[in-house]
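Chains, contacts and geometry: an overview
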Amino acid sequence: MPRTPTGGPPPARRRSARRTAALLAGALSAALLSPVAGASPATAAADPSAVRVNQIGYLTGADKIATVVTGASAPLAWELRATADNALVAAGTTRVHGWDRASGDQVHQADFSAVTRAGEYRLTVASAGTSVPFTVGSAPLYPRLGQEGMQYFYFHRMGTPVEAQYLQNGAHAHAALHPGDSSVPCWNNWCGGARLDVAGSWADAGDFGIYPVNHAVSAWTLLNLFERDPAAYGDGSLAVPERGNGRPDIVDEVAYGSRFMAGMLPPAGLASHKVHNHAWSAFPVRDVGAENAMARSAMPPSTNATYAVARTTAQLSRVLRPHDPSRADELWRSARTAWQRAEAQPDVDYATANDAEGGGDYPDTKNSDDRYAAAVELFLTAGARGDTAAAAYRQAVTSSPHYGEVGQFDWQEVAATGTLSLLTVASDLPAADLARMRGALTTFADSVVAGLAAEGYPALIPGGSPYPWGSNSFIANRMLLLGTAHQATGDLRYLRAAHRGMDYLMGTNAMRLSYVTGYGEYAESDLHDRLAWGRYPGTSYPRGWLSGGPNNQDINDPATPKGRPAAKSYAGPGTAPEAWCSKENTVNWNAPLVWVATYLDRTAPLLGARGAPGAR
């Protein structure tokens, strides 16, 4: 979340993203340890070449399309040469795209998709330049990115010491942050003198607030990955203290990070909307003891947060039940309690003026999508448990105006998460209803695929609209939807489009930069994170963290540039402390990165088998 520079004025609070989601949906017609080498990294430099490629590479059967920045009005000749001996492998001419509406660049596209011979190459375009080296092959391109992306969550655990043995670099180890969260007072005594036990959480973003509405979509994303692919991160696959306990490691991580959710419920009434300090933390945090000494409270309640508690505890109860029935029962009781309280007060929106300054707002004035998403998780869990309440939850699902809705989602627009759960977990819903949902999913996926044709860079979001705060997460969530559509249909168009979204994140973009730390010759290396920045630049940022990305819709920091095209509204190297609007990292951005990286890794054989050694 945005923070206050030491000694500076308080930043504007994060505002609603509701308009963002509506703009995007309308515009597209609707979705282990890996040590880091080097002790003294420089801040990220941009790729100097005008020939932009995925800096990691391409699967043999994937679309391979470079973006070339050039004002030439006629096609330009290109050559693909092996880096080892400069042998010519392929040649052709570019397609003139012209003005790219998101970046303002004049661009061509060089399509070398026909090349399937494995190797390392550079692409040279006449009068434009030569790309960084990249690979073409059949092996997964990001075999460790899912694991590295999951380490983000352990790195940001609060309430327990973060130990060197589970980190990419032991220098980031530290004592427990905010162990006092086991007994937190309510701001201005709104809960009648009660104290809340909200121990066990992930720091939400660049600060140390915990927010049910943002946590819910993050936990859902990781649990959806597990429910779709239970073997993806089994016991012993991740660097977490719980490995070896007989439970899948991804479930262990979400279970730890979600402990606080049930504790957001006071003895009576709605759940606290958020817990954070009374003032913005120092940047960077070098003294954990001083951070822990800061006053901290549970802010007033909201209906949205209460439904968020209901849906997360219901889904986690369902997933944990085979492994820990007693904990699953506790979570189920919390889910039902949260649902009942939200139903009793369905229209309590968070009052942003009635809280402390040291955290973001996460404002939301529409509750129907939150209710639908919660009803879905309660319905599916009740069905799995044989609970007689399943019929009532089913009615809440099928009578919702959001029933079967699929489209862009984020922390504030969550209806699609409910529908995706219905398409993931078995239930007694009519086959015709589920078929209609799959149809809505593929319709949205088709619109994302079609939208690529209008873009000079493969951003997956429409360049005709502003880029929102966390634009890279909107892209990653659309990649998740494309992956789900591919899984439902087997249509490789969706898988290829998801890979093109990763091309964007890995360097085929207007900022000439991989937005994933540690990935690519020119990769982001300094993000808005109080803990990681405290060791920077002497210690590299961990690999596998996703930057928020360009944002020209809501800028309230001093570093993210204003007045630039959407795709170029991104802060420069070394500015992360002042660049929370574009260089922030968050749980709800890394969660879809993990989902997507895992899916692309596990489906790599589908696009890696085309062609044979010696083929062009």
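Our subject in this report is the structure included herewith. Values in this document were obtained by computation on a predicted structure and should not be read as measured data. Counting of residues starts from 1 at the beginning of each chain's written sequence and follows it residue by residue. Residues qualify for local features only when their pLDDT is at least 70, as the model is predicted, and side-chain atom pairs are given and counted only at 80 or more; totals for whole chains, interfaces and linings, by contrast, use all residues. Side-chain numbers here rest on the full set of heavy atoms in the structure, without hydrogens or water.

Some points on the state of the cysteines
We call a pair of cysteine sulfur atoms a disulfide whenever their separation is within 2.5 Å. Overall, the coordinates contain 1 disulfide when judged by the stated rule. One disulfide in the model links cysteine 186 with cysteine 191; its S-S distance is 1.9 Å. With the S-S bond torsion at 95°, the cross-link from cysteine 186 to cysteine 191 turns out right-handed. Exposure remark for cysteine 186: the relative accessible area of 8% places this residue in the buried category. Classification of residues uses two cut-offs on accessible area relative to the type maximum, computed with a 1.4 Å probe and protein chains only: under 20% is buried, over 50% is exposed, and between them is partly exposed.

Digging into the environment of aspartate 197
Numbered from the N terminus, helices here are DSSP runs of H or I no shorter than four residues, and strands are runs of E no shorter than two. Summarising the element assignment, aspartate 197 is placed in the loop between strand 13 (195–196) and strand 14 (201–202). The exposure class assigned to aspartate 197 is partly exposed, which follows from its relative accessible area of 45%. The definition of a polar contact used here is a pair of N or O atoms within 3.5 Å, where within protein one atom must be able to donate a hydrogen and the other to accept one, and adjacent residues in sequence count solely through side-chain atom pairs. A distance of 3.2 Å separates a polar atom in the side chain of aspartate 197 from the backbone nitrogen of alanine 199.

What about the pattern of salt bridges?
In what follows, salt bridge is the name for a side-chain nitrogen of Lys or Arg lying within 4 Å of a carboxyl oxygen of Asp or Glu. Considering all chains together, one arrives at 24 salt bridges under this definition. Glutamate 253 is the partner of arginine 157 in a salt bridge, and the nearest nitrogen-oxygen pair spans 3.0 Å. Taken together, the positions of arginine 157 in strand 11 (residues 157–158) and glutamate 253 in helix 4 (residues 249–257) put the pair 96 residues apart, joining distant regions of the chain. Taken individually, arginine 157 and glutamate 253 each receive the classification buried, so the pair is uniform in this respect. The salt bridge involving aspartate 428 is made with arginine 394; its shortest N-O contact spans 3.1 Å. Of this pair, aspartate 428 sits in the loop between helix 11 (415–422) and helix 12 (431–451) while arginine 394 sits in helix 10 (residues 390–398), and the two are 34 residues apart along the sequence. One network of salt bridges, in which partners are shared, links Arg157, Glu242 and Glu253.

Observations regarding the packing of helix 9 (residues 368–385) against helix 10
The angle between two axes is taken between their N-to-C directions and runs from 0 to 180 degrees, where each axis is a line fitted to C-alpha atoms and a helix contributes only its stretch in contact. The interhelical angle for the contact between helix 9 and helix 10, taken along N-to-C directions, is 150°, at an axis separation of 8 Å. Between helix 9 and helix 10, the angle is such that the two are roughly antiparallel. Considering only the axes of helix 9 and helix 10, their crossing is left-handed. The segment helix 9 lies against helix 10, with Arg371, Tyr372, Ala375, Val376, Leu378, Phe379, Ala382 and Gly383 engaging Ala390, Tyr393, Arg394, Ala396 and Val397. Each residue belonging to the contact of helix 9 with helix 10 can be placed in one class, and the counts come to 10 nonpolar, 1 polar and 2 charged. Orientation categories follow fixed angle ranges, with anything under 35 degrees roughly parallel, anything over 145 roughly antiparallel, 65 to 115 roughly perpendicular, and all other angles oblique. Left-handed describes a crossing in which the near helix is turned anticlockwise from the far one by less than a right angle; the clockwise case is right-handed. Contact definition: two residues touch when any of their heavy atoms are within 4.5 Å. Note on residue categories: nonpolar means Ala, Val, Leu, Ile, Met, Phe, Trp, Tyr, Cys or Pro, charged means Asp, Glu, Lys or Arg, and polar means any other residue, Gly included.

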